[in-house]
Structures are given as structure tokens and as C-alpha cells.
Amino acid sequence: MDALGELGNIGASHAATTLSQMLMGQIEMTVPAVEIVDLADIYKHVSDETAALVIFQMQGEIDQAGYVIFMMPLSSSIRMTNTMLGMTDEDREINEMDESALNEIGNIMVSAFLDATAELLGIVMLPSPPVLVIDMGHAAIQQLLAEVAFDVNEVVFFHTTLVCDQYSINGDLLMLPEMNTLSKILEMMDKLLESHLT
Amino acid sequence: MDTQQPGNEPRAIVIGIGDYHVGAEPMTSIGLGSCIGLILHDSKLGIGAMAHIMLPESGGKKDRPGKYADTALEIMLRDLARKGSSPKNLQAKLVGGAQMFANFSGNLSIGDRNAEAVKAGLKSHGIPIKGEDIGGSKGRTVQYCPANGFMVKIRRADGDCSEI
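Below, the structure is looked at part by part. (Residues numbered from 1 in each chain as written. Chains lettered and ligands numbered in written order. Predicted model: local features only at pLDDT ≥ 70, side-chain atom pairs only at ≥ 80, totals over all residues. Heavy atoms only, no water.)

**Focus: the overall build of chain A**
Note the following rule: Comment: elements are numbered from the N terminus, with helices defined as DSSP H or I runs of at least four residues and strands as E runs of at least two. Our radius of gyration looks at C-alpha atoms and nothing else; its globule reference is 2.2 Å times the residue count to the power 0.38. Burial here depends on accessible area, computed with a 1.4 Å probe over protein chains only, as a share of the maximum for the residue type. Under 20% is buried, over 50% is exposed, and the range in between is partly exposed. Whether two residues are in contact is decided by their heavy atoms: any pair within 4.5 Å suffices. Residue burial considers only the protein chains on display, and all accessible areas are found by Shrake-Rupley using a 1.4 Å probe. Think of it this way: Lys and Arg go in the positive column, Asp and Glu in the negative one, and His and the chain ends go nowhere. To locate a charge, take atom NZ for lysine, CZ for arginine, CG for aspartate or CD for glutamate.
When helices and strands are counted, chain A shows five helices and eight strands. Put simply, chain A runs from its N terminus to its C terminus through helices and strands in the order α-β-β-β-β-α-α-β-β-α-β-β-α. Taken over the C-alpha trace, chain A has a radius of gyration of 17 Å; the compact-globule value for 198 residues is 16 Å, and the two agree within 12%. Along the first, second and third principal axes, the C-alpha atoms of chain A reach 55 × 35 × 25 Å. For chain A, buried positions account for 52% of its 198 residues. Contacts in chain A between residues at least 24 apart in sequence constitute 72% of all its contacts with a sequence separation of at least 6. Of the roughly 8,600 Å² of accessible surface on chain A, 51% is carried by carbon and sulfur atoms. The centroid of the 5 positive side-chain charges in chain A is displaced by 2 Å from the centroid of its 30 negative side-chain charges.

**Concerning the sheet that holds strand S5 (residues 36-42) of chain B**
All names here are of chain B. To keep things clear, this is the line we draw: Pairing between two strands is assigned when DSSP locates at least 2 bridges connecting them. What counts as an axis is a line fitted to C-alpha atoms, over the stretch in contact for a helix, and the angles between N-to-C directions run from 0 to 180 degrees.
Spatially, the five strands line up as an open sheet ordered S3-S6-S5-S7-S8, and their pairing is mixed. Unpaired on one side and paired on the other, strand S3 (20-23) and strand S8 (129-134) mark the two borders of the sheet. Along the sheet, successive strands turn relative to each other by an average axial angle of 10°, direction set aside. Against the sheet, helix H2 (residues 110-124) makes contact with S5, strand S6 (47-53), strand S7 (90-96) and S8, and its axis sits at roughly 20° relative to S5, the strand it touches most.

**Digging into the side chain of B:Thr71**
All names here are of chain B. Basically, it comes down to this: Distance and chemistry together define a polar contact, namely a pair of N or O atoms within 3.5 Å, with one atom able to donate a hydrogen and the other to accept it when in protein, and with adjacent residues in sequence counting only for side-chain atoms on both sides.
Residue position: Thr71 is located in helix H1 (residues 69-82). A distance of 2.8 Å separates a polar atom in the side chain of Thr71 from the backbone oxygen of Pro65. Beyond its immediate chain neighbours, meaning those up to four positions away, Thr71 contacts Ser58, Lys61 and Pro65.

**Structural notes on the pairing of strand S7 (residues 154-164) of chain A**
Residue and element names in this part refer to chain A. Extensive coverage of S7 is indicated by the burial of eight of its 11 residues. When strand S1 (residues 28-29) meets S7, the two strands line up antiparallel, connected through two bridges. Among the inter-strand pairings, Met29 is bridged to a residue of S7, identified as Leu162. Pairing geometry for strand S2 (residues 33-38) and S7, over six bridges, is antiparallel. Along S7, the bridge assignment pairs Val37 with Val155. Across seven bridges, S7 lies against strand S8 (residues 169-177) in antiparallel orientation. Among the inter-strand pairings, Leu162 is bridged to a residue of S8, identified as Gly171. Where S7 folds back onto S8 in an antiparallel hairpin, the turn is made up of four residues, including Ser168, whose phi is positive at roughly 40°.

**What about the pairing of S5(B)?**
Residues and elements named next belong to chain B. In terms of burial, S5 is a largely internal element, seven of the seven residues being buried. Across the two faces of S5 the burial is the same, with Ile36, Leu38, Leu40 and Asp42 and Gly37, Ile39 and His41 all buried. Between S5 and S6, which pair antiparallel in sequence order, lie four residues; one of them, Gly46, sits at a positive phi of approximately 70°. Of the pairings in the sheet, the one linking S5 to S7 comprises seven bridges and is antiparallel in character. Of the residues in S7, the one forming a bridge with Leu40 is Ala92.

Below, the structure written as C-alpha cells:
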């Protein structure tokens, strides 16, 4: 469990640094929590608030590895793209410019996250092209769960919250590994720890 | 199971993924994507049931009956019968079964398959479908209060509200 937390920590801090450089602002990050969550309790972690979700499949040396998701409440998304695009109107609809900015931010952050974790594990992990969904957070995540939690009733979440007080932006970075992937990652972490001890 | 209080609505039992509830209390399922909220209502007794169904078939698994279309219907009917409800007084409504994103490989049609499985089950038990809001690409939150009749309130991700 500690090993998984450390893996998430390294990935998330790379992603946070990347975001802070893009926004030229200070990003605070919570220590990533590795949460084992019962399916029936997912709504306590992801509400039905409308959010922008940039969703990636993890690809590379691990097949069907699961998903990495960058999720922001809609209000935060607009404040963030305003900051990047030099606009001020917060009370507006999401447009194509926002969508491509969100895709790009998600892409850069998730790449940083996966690069860092994969480097630690000594494997290649790449994000798929992003899929952007503006919808209820819970509804989008639930459909991904239908794929990763087909056989199980508990899922493992890597959950980091990113906050930028300067622009009152907050977002969440979630990794939702498929069960086989999780055991492979644990195996690799074990080997890594052993080789450090001997 | 837990309760929450959204705005001025009465306190409702939140039915999480794979869960179900039977009784007269207000019930809600939040953020239905490809999942189906199946609601059974007995207007004679003023009770009902809601399940948050995730997948079409249990394949023999019994550990979480609310998760699959086939086992959810069976367990709801059993628990309703225990409260004195007869299947011939029951009516059904369905919400959810959306396709949230089209660009990924994998279980693309899971929402449709869930809806088909639920409908097939209802048909085999002779339970009429009195209303449905299924398909499309948007998430939905659903509310139902058996004591106030068979009105089902739906709120979509874009803020639209409706009743079936």
C-alpha cells in the first residue's frame, strides 16, 4: 500500500509541476490517497456535479491497463482556460477553444504522470489520445467502472487533488487501474524494493 | 447505504452502483451513465424499489444481486413480495443506459445492452413499463418517492429536469 502511495506521489507531483508551469501559478497538491472503494460508495468520492473529464487509457507495455482521468468542476475548467487564453468572462458556455485547451492540459499532465510512474517501474506507459467529456462526474466514471470492475466489487483509486488558490481552480487526478494491471504493478514494486534492499 | 440532502428535497436514500432498496422511503440514484436505474412501483401499497444496475448479466454470480439486470429484478421482486406486494400490481420505469463516450474501444454498447436485459426481464415477469428515459449520451440523476405515487424526477447533466 505504501509503495502504491509513493508511485502515485511521484506521478502526481510531476503532473502538478507541469500544470503550475503552464498556469504560471502556485499549485498545491494533496498527497495522493490510494483508496480501495466499494462500488456502491463511489458516489461519496465522485459526485454528480457537472465536470470536465479528460480521460485516457493507459497503454504501452501493459495491455488493457485501465484509465487515468483529469477531472475539474466546470466552473474551475472555465477559470483555468480563461487564465490560459487571457479571458475573464466566467459566466459562459464551454466552447471549442476551451475544449482543445482542456484536452491539451489533460494530455500534458497525464503524460507527466505516466512518464514518472513508468520510469520508476522501468516500463513504457503511454496515454491514449484524450477523450473529453463534459458531464456528471459520477456518470462518466461509472461507465469506465463497468469495464474495469466487471468481476469485482471494489476498485482502487489513486486520488490527488490539485488546488490553485490564485485562480480558485481545483481539479482531481484519478488513476483507475484494471485489476490485472494492479497486481502487475504491485509485483514490479516488490521487485524494485527487493533490489534496493539487497 | 447512506442518505443525503440535496437542496430542499426530502432526505433520500442514495442507491450506489450495484445497490438496491425496497420500501416507502424516498430513493435516489446519482449520476447514472451506462447504468440503469430500474424502479418498480406498487400503487396499491405505496411502496416500491429502485436498483442501480451496472451490467446486463450476472453469469451465475450471487454476491451483489443489485449489480446485474437479471439478479436485480429477482431480488427486488422477492423483497417486494415479502412486504406483501404482488407482481400483478407492479409497474416499472427505467432511467439511464447512456453511451457517455464513443471514442474508446471496449464495451461500447453497455448502456443499450443493460436496457435490453432489463426490458427482457420485465417482459418475462409480465410487468408493464410505464415510462422510460434511456439512451443518449448524457448522465442522469433520478429521484423517486413511493409514498407520493409513481412520479420519477430526472435531472440531466446539462441541467434539464423532467418527470416520467
